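Next come the chains, spelled out residue by residue.
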2 protein chains.
Amino acid sequence: MSPKITVELLRQLRQGMRNCKYFSEPIQAYIVPSGDAHQSEYIAPCDCRREFICGFNGSAGTAIVTEQYAAMWTDGRYFLQASQQMDNNWTLMKMGLKETPSQEDWLISILPENSRVGVDPWIIAADQWKNMSRALTSAGHSLVAVQDNLIDVVWMDRPERPSTQLRNLGLEYTGLSWQDKITALRAKMTKRKVSWFVATALDEIAWLFNLRGADIEYNPVFFAYAIVGMNTIRLFVDLKRLADPALRDHLQLDSPCKPDMSIRTYPYESVYAELQAVCAAHSPKDKVWICDKASCALTQVIPKAHRTPIPYTPLCLAKAVKNATEIQGMKKAHIKDATALCELFAWLEKEIPKGIVTEISAADKAEELRSQQKDFVGLSFPTISSVGPNGAIIHYRPLPETNRTLSLNEVYLIDSGAQYVDGTTDVTRTMHFGTPSAYEKECFTYVLKGHIAVSAAVFPNGTKGHLLDSFARAALWESGLDYLHGTGHGVGCFLNVHEGPCGISYKTFADEPLEAGMIVSDEPGYYEDGSFGIRIENVVLVVPAMPKYNYRNRGSLTFEPLTLVPIQVKMMNTELLTQKERDWVNEYHKMCREVVGAEMERQGRKEGLEWLIRETQPIV
Amino acid sequence: MSPKITVELLRQLRQGMRNCKYFSEPIQAYIVPSGDAHQSEYIAPCDCRREFICGFNGSAGTAIVTEQYAAMWTDGRYFLQASQQMDNNWTLMKMGLKETPSQEDWLISILPENSRVGVDPWIIAADQWKNMSRALTSAGHSLVAVQDNLIDVVWMDRPERPSTQLRNLGLEYTGLSWQDKITALRAKMTKRKVSWFVATALDEIAWLFNLRGADIEYNPVFFAYAIVGMNTIRLFVDLKRLADPALRDHLQLDSPCKPDMSIRTYPYESVYAELQAVCAAHSPKDKVWICDKASCALTQVIPKAHRTPIPYTPLCLAKAVKNATEIQGMKKAHIKDATALCELFAWLEKEIPKGIVTEISAADKAEELRSQQKDFVGLSFPTISSVGPNGAIIHYRPLPETNRTLSLNEVYLIDSGAQYVDGTTDVTRTMHFGTPSAYEKECFTYVLKGHIAVSAAVFPNGTKGHLLDSFARAALWESGLDYLHGTGHGVGCFLNVHEGPCGISYKTFADEPLEAGMIVSDEPGYYEDGSFGIRIENVVLVVPAMPKYNYRNRGSLTFEPLTLVPIQVKMMNTELLTQKERDWVNEYHKMCREVVGAEMERQGRKEGLEWLIRETQPIV
């Protein structure tokens, strides 16, 4: 990995910062956040502005350029990668270390008095704008919205915004028509006395209209906005995409059944003007719901008196609780995915001894096997295929220059998943194809104990996921070990592999309570820098539990694993497991054998089936 | 318990709300918080304004009176008690239930447009004022500071503010002189570039000056404020209290050794004017530290540009981490306290069959036995002595009209503690003097499993207490049970029995990380309304742990019980315990027998000693 040379780019950007074509007065600093106008986690190439200006292409990071300095903030996952991808013009700001200043503190410490700090209001979230603006103002500076993006000005070969083909999903996949979703949304609006709802998150818009796109790699979404009123629906999208008659029929564009279900379509770019017009035409009593993570630009169109910012939108919550059809789809997708993975592991066992399987070729094989499954659409995130020390890099992605060969001597960690039309998968298995050391087995077993502790936990209705996080760590903690990431994230249904508003993490206190039908991952790990990484990840469904008692009629919940891929017994020190834990492993493996075995048989996948049967023998 | 009749009081208060003697325009609602000007949890009789107006005397609750309504918010601990103590003029607002509106939402839903909501700025914390004010303003209303307290106006026989004798503590109790504490505070101020620190919490002021009072029952504190500058110390206190030569000597009032350690004393009431003068005499660059929980009145004296609000003061943090002398004192206090309790339980066993021991007489006996111990000062909170169904009322306090007789047929729960000059105690034991039912034993055992899970937990340095809360619940949850309170609170050293900034609760996310030397309680419970209550509480000390590994050199912590009172084996279903849990019980009981046994022998308390030895036999 050689760093990107940024001398000339920075010179041009600084020229832009002084150029009064873009603002009334020059700005002394320019912030380049990593998101797009929809605060997406994964972004399209045209939105990779932070990567363009500094070279660092990780998923999280903010660049700030002043007349004299250029600095980039990222977190512990990316310290190494960022230091390799950025040249000497850039200072790496290691977030989470005590000595690292916040962006605000750094700006305040280096800026001349009364400085103006610019940012594109479309790619900074309203809540971030508010915090940054308050900090700068209190130090005598100001945060300025720069309408022309100064990176785009110097980015000569910036790609076009994607406009891929849209796919409409029928009731057999969604379980609920978009009309019913609109009706449910309006009922919530009525209850909270809100007249308008502005949808800006791409996965929420895709979910609401039962549409999917392919504008962003790994995420089946499309660039759009929506404004839903009590009698109107406005959809903002590249209008060329709506030519397909099946699509027009799905959205009832030409012959709406009911007037309040008539969708008016507008060009993607016109959302600003149209929202302005909506607000202007109504009294401030007509409240507008918008997520506080929506772009500052769009949020500020709404006069403050109209605005009702919310941390999570009603769509985000509704989408998180999967209906029976979605759950069925997710189960089917996970069975197909397990079939592909069992086949992969059988293949690896056979091929590794030949010494020619690499991290990249293993990942490619996994993709190939998945792509043979029905309704496969693509991967749900870049496959983490990592051998030995690479496994300790939590967000590793094999590149030609880091690619290691799988062997009988090192631990192999593969974290991968796919998009199928009926569901999204995300699974991590850690395996040894030779003989693991006692220490590797010990660590693996602690991680497994944590995985089981979460998966088998019974907890009251209304419990927030962050209260379960310590269960995943207790066994590691008892031996003085830990892992520095959360334990689980929400998973979409043929949507983003990471979604809110629920999760299992010590960091999240604003998460919504878990409820039956929510789907999250359960993925504790342990990472020994320079030697190996361990992670055991299943996607699990929140289901009602029926314990002996029912305190205050609250009801209880637990998890049902959707992922059905054997957990390698060879890596376990079964003496460290309690009887309950051994029972859990055997019960889980029985389920893998029965459910996935039947599918493999049906598909005639003999080698995988043999591997599955061998790997799911009960432990004693 | 019969409710307080409030018709006439509410009429008078509403008259005050309309009386323009107190403000420029009438107010439409008046908020009566439960705290005093120092945001104390326990308050002096003169500050019990919320109790005076509505009758409810629990420790937490806020009353709001409008022209038409009167409502009082409290939490799950007090639903029953509040409903019994308030008459029909009051609506009980059950906090934590989904259908219960917040105070803000309720006000907004019932107030006429442009309403003015009044509150005494001295008894509302700055952060609460801010939130309430923001919510009301956004709905077109306003929050108004009413300087005359409208409750005091109608409270004819309001008691005087107490001014009890002060006691100075020597190094043998504190381990650190007040001068050293001032020096440490100033070092933190220098580091954070702060010029002034305003101390408003009574326990912080008592701790800082190594002084104790008795102004508030159970809490050895005294009404005071302090302003510490880099060269000056201002103490605001009823000056009559400083006449004692020993006290003057302790504070070096007449002959300070060093000029920057010279304490200037001022009348308690002059803090407002003096703080105003301090701020006026200095530039806004001189920052002032004040807790964001300090009173709104005092906070707003400091011009916004000077103000640096903090969630916890440096004193709060320093006080929480006990030094070696304080830990020794706490240990001694707990041994004395255990001696008294063992003696009590032996006495109860003998007396209960006679049918004459009541909740009140048992509590009195406990106090009598404690008072025989060296350096006893008083109780640390009102004794919860509860039989059968009364045990399910979490913050129960026996009154003549609720007083039940202890018997061989019901569970007895006693939660009690004392102040000794060397330390503060707080212990809960749940016992049966006949034969407990299988269900009572089962529930007790789940609670015990939770208690042990926290007490024996090993966790990394830097872990916040709230991450341990679920450990206490896992066994209960597995059977569909739970308890609706936190698991632990910080405990002061001859100071308040509840103190911040650490604790163990699912509700607290702003708690400070646990560190060695901190002292908290570990008190899971289970409550079956109408039948019984179970709680097992020890005070525990955070100590370093030495597990097998040491990930990233972070170090590990665990707890050491300071409370040394046997946990009744008769209440346990030992079959539900794991071997590890049985070992913990035996190890704990061995420690009780050895440490407390030696003290009982020394004191010649034969009956208690016999009881102790019998109750600490190992289980198998």
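Computed from a prediction, not measured in an experiment: that's the story for all the values here. (Residues numbered from 1 in each chain as written. Chains lettered and ligands numbered in written order. Predicted model: local features only at pLDDT ≥ 70, side-chain atom pairs only at ≥ 80, totals over all residues. Heavy atoms only, no water.)

Enquirer: For this particular structure, what's the right way to read the overall build of chain A?
Expert: Each helix and strand counted, chain A has 19 helices and 28 strands in total. Scaling as 2.2 N^0.38, a compact globule of 620 residues should have a C-alpha radius of gyration of about 25 Å, and chain A matches this with 25 Å. The principal-axis extents of the C-alpha atoms in chain A amount to approximately 75 × 60 × 50 Å. Looking at the 620 residues of chain A, the share that counts as buried comes to 59%. Looking at chain A alone, contacts between residues at least 24 apart form 71% of all its contacts between residues at least 6 apart. Counting every atom, chain A has about 24,300 Å² of accessible surface; 52% of that belongs to carbon and sulfur. Across chain A, 65 positive and 74 negative side-chain charges occur, with their mean positions spaced 5 Å apart. (Helix = DSSP H or I, 4+ residues; strand = E, 2+ residues; numbered from the N terminus. Rg over C-alpha atoms; globule rule 2.2 N^0.38 Å. Buried < 20%, exposed > 50% of the residue type's maximum accessible area, 1.4 Å probe, protein only. Contact = heavy atoms within 4.5 Å. Areas by Shrake-Rupley, 256 points an atom, 1.4 Å probe, with all protein chains shown as cover. Lys, Arg positive; Asp, Glu negative; His and termini not counted. Charge placed at Lys NZ, Arg CZ, Asp CG, Glu CD.)

Enquirer: Please clarify how the sheet that holds strand S8 (residues 196–199) of chain B should be interpreted in this entry.
Expert: In any sheet, the strands associate via hydrogen bonds between backbone groups, in a parallel or an antiparallel arrangement. Residues and elements named next belong to chain B. Ordered by their spatial adjacency, 6 strands build an open sheet running S12-S11-S10-S8-S13-S14, and the pairing between neighbours is mixed. Only two strands of the sheet have a single neighbouring strand rather than two, namely strand S12 (263–266) and strand S14 (307–310). Averaged over neighbouring strand pairs, the angle between their axes works out to 20 degrees when direction is ignored. Pairing between strand S10 (residues 225–229) and strand S11 (residues 233–236): 4 bridges, direction antiparallel. Residue pairing across strands places Val228 opposite Ile233, the latter belonging to S11. Contacts from helix H8 (residues 178–191) reach S8, S10, S11, S12 and strand S13 (288–291), with the element oriented near 60 degrees to S10. Together, S8, S10, S11 and S12 form the strand contacts of helix H9 (residues 202–209), whose direction differs from that of S10 by roughly 55 degrees. (Pairing = 2+ DSSP bridges. Axes fitted to C-alpha atoms, helices over the stretch in contact; angles between N-to-C directions.)

Enquirer: Got a minute to help me understand the domain arrangement of chain A in this structure?
Expert: Accessible area lost upon the coming together of the parts is a frequently used measure of interface size. All names here are of chain A. We note that the domain assignment places domain 1 (6–145), domain 2 (167–319) and domain 3 (321–616) within chain A. Using only C-alpha atoms to locate each centre, domain 1 and domain 3 end up separated by 36 Å. Each side of the interface is counted separately: domain 1 has 4 residues, and domain 3 has 5 residues. Among the residues of domain 1 in contact with domain 3, Glu41, Tyr42 and Arg77 are the three that bury the most area, contributing 81% of the side total. Counting every contact that joins domain 1 to domain 3 gives 0 salt bridges. Linking domain 1 with domain 3 are 1 residue pair in polar contact (both at pLDDT 80 or more), by the criterion used here. (Domains from an automatic or database assignment. Buried area = accessible area lost by both parts, 1.4 Å probe. Salt bridge = Lys/Arg side-chain N within 4 Å of Asp/Glu carboxyl O. Polar contact = N/O pair within 3.5 Å; in protein donor to acceptor, adjacent residues only side chain to side chain.)

Enquirer: Help me understand unusual backbone geometry, please; the structure alone is not making it clear to me.
Expert: Note: most residues except glycine have negative phi, and most peptide bonds are trans. Residues and elements named next belong to chain A. Of the consecutive residues Gly500 and Pro501, the connecting peptide bond is found in the cis state with omega at -5 degrees. Structurally, Pro501 can be placed in strand S23 (residues 499–504). The backbone phi angle of Asn114 is positive, close to 55 degrees, even though this residue is not glycine. Among the secondary structure elements, Asn114 is positioned in the loop between helix H4 (103–110) and strand S5 (116–119). The backbone phi angle of Asn553 is positive, close to 55 degrees, even though this residue is not glycine. Structurally, Asn553 is set in the loop between strand S27 (538–545) and strand S28 (556–561).

Enquirer: Whenever I open this one, the relation of the copies chain A and chain B confuses me. Can you help?
Expert: The relation between the two copies of this chain is a rotation about an axis and a shift parallel to it. Between the two copies, chain A and chain B, the superposition gives an RMSD of 0.7 Å; the rotation angle is 178 degrees and the shift along the axis is 0.8 Å. Seen this way, the second copy is the image of the first under a two-fold rotation axis. When the interface residues of chain A are mapped onto chain B, 97% of them again lie at the interface, so the same face is used by both copies. (Least-squares fit on C-alpha atoms with pLDDT ≥ 70 in both.)

Enquirer: Looking at this model, I keep getting lost on the pattern of salt bridges. Mind explaining?
Expert: Here the structure, examined in full by the defined rule, presents 76 salt bridges over all chains. Asp469 of chain A is paired through a salt bridge with Arg473 of chain A; the nearest N and O atoms lie 2.6 Å apart. One end of the pair, Asp469 of chain A, and the other, Arg473 of chain A, are both in helix H17 (residues 469–478), 4 residues apart, so they sit about a helical turn from each other. Take Arg473 of chain A: its relative accessible area is 2%, and that puts it in the buried class. Taking the shortest distance from any N to any O, the salt bridge between Lys331 of chain B and Glu560 of chain B comes out at 3.1 Å. Pair noted here: Lys331 of chain B is in helix H14 (residues 324–351) and Glu560 of chain B is in strand S28 (residues 556–561), with a separation of 229 residues, a long-range link. When its relative accessible area of 27% is taken as the criterion, Lys331 of chain B is described as partly exposed. Assessed through its relative accessible area of 26%, Glu560 of chain B is described here as partly exposed. Ionic contacts of the salt-bridge type, sharing partners, join the residues Asp47, Arg49, Asp152, Arg158 and Arg161 of chain A into one network.

Enquirer: Which parts of the structure should I look at to understand the interface of chain A and chain B?
Expert: In this complex, chain A contributes 34 residues to the contact, which on the side of chain B involves 34 residues. Summed over both partners, the interface of chain A with chain B comes to about 3,100 Å²; 59% of that surface belongs to carbon and sulfur atoms. When the buried surface of chain A facing chain B is broken down by residue, Trp477, Tyr549 and Tyr551 of chain A rank first, second and third, together holding 23% of it. Remark: the boundary between chain A and chain B carries 8 salt bridges.

Enquirer: Before we go on, may I ask you to explain the packing of helix H14 (residues 324–351) of chain A against helix H18 (residues 579–603) of chain A in this structure?
Expert: Axes are the key here: two packed helices are described by the angle between their axes and the distance separating the axes. All names here are of chain A. Axis separation between H14 and H18 bottoms out at 9 Å; the angle between their running directions is 75 degrees. Between H14 and H18, the crossing angle belongs to the class labelled roughly perpendicular. Of the residues in H18, those touching H14 at Ile335, Ala338, Thr339, Cys342 and Glu343 are Val595, Val596, Glu599, Met600 and Gln603. Classifying every residue of the contact of H14 with H18 gives 6 nonpolar, 2 polar and 2 charged. (Parallel < 35°, antiparallel > 145°, perpendicular 65-115°, else oblique. Nonpolar A, V, L, I, M, F, W, Y, C, P; charged D, E, K, R; others polar.)

Enquirer: Hey, could you run me through a positive patch on the surface in this one?
Expert: A contiguous patch of positive charge on the surface is contributed by Lys130, Arg134 and Lys304 of chain A together with Lys130, Arg134 and Lys304 of chain B. Looking at the positive patch, the elements that each hand over two or more residues are helix H5 (126–138) of chain A together with helix H5 (126–138) of chain B. We classify Arg134 of chain A as partly exposed; its relative accessible area is 49%. (Patch = residues over 30% accessible without salt bridge, like charges linked within 9 Å, V, L, I, M, F, W, Y side chains within 5 Å.)

Enquirer: Please explain the UniProt feature "domain: Creatinase N-terminal" (unreviewed entry) in chain A as it appears in this structure.
Expert: As recorded in UniProt, the sites labelled "domain: Creatinase N-terminal" (unreviewed entry) are residues 48–146 of chain A. Helix and strand shares over residues 48–146 of chain A are 34% and 22% respectively, and the end C-alpha atoms of the span are 18 Å apart. (UniProt positions renumbered as here; feature names shortened; annotations may be inferred.)

Enquirer: Honestly, the sheet that holds strand S10 (residues 225–229) of chain A in this entry has me stumped. Any pointers?
Expert: Residues and elements named next belong to chain A. With respect to topology, 6 strands assemble into an open sheet ordered S12-S11-S10-S8-S13-S14, the strand pairing being mixed. Only two strands of the sheet have a single neighbouring strand rather than two, namely strand S12 (263–266) and strand S14 (307–310). For this sheet, the mean inter-axis angle between neighbouring strands, taken without regard to orientation, is 20 degrees. Against the sheet, helix H8 (residues 178–191) makes contact with strand S8 (196–199), S10, strand S11 (233–236), S12 and strand S13 (288–291), and its axis sits at roughly 60 degrees relative to S10, the strand it touches most. Here helix H11 (residues 271–280) sits on the sheet in contact with S8, S10, S11, S12 and S13, set at roughly 160 degrees to S11.

Enquirer: What am I meant to see in H5 of chain B here?
Expert: Turn by turn, an α-helix covers 3.6 residues, leaving residues three or four places apart pointing in a common direction. Residues and elements named next belong to chain B. The end-to-end C-alpha separation of H5 is 18 Å, in line with the 18 Å expected for 13 residues at 1.5 Å each. By the burial criterion, the buried members of H5 are Ala126, Trp129, Met132, Ser133, Ala135 and Leu136. Those residues of H5 that are buried lie in contact with strand S1 (29–32), helix H4 (103–110), strand S5 (116–119), strand S6 (142–145) and helix H12 (296–301). Positive phi shows up at Gly140, right after H5, with a value of about 90 degrees. (Expected span 1.5 Å × (residues − 1).)

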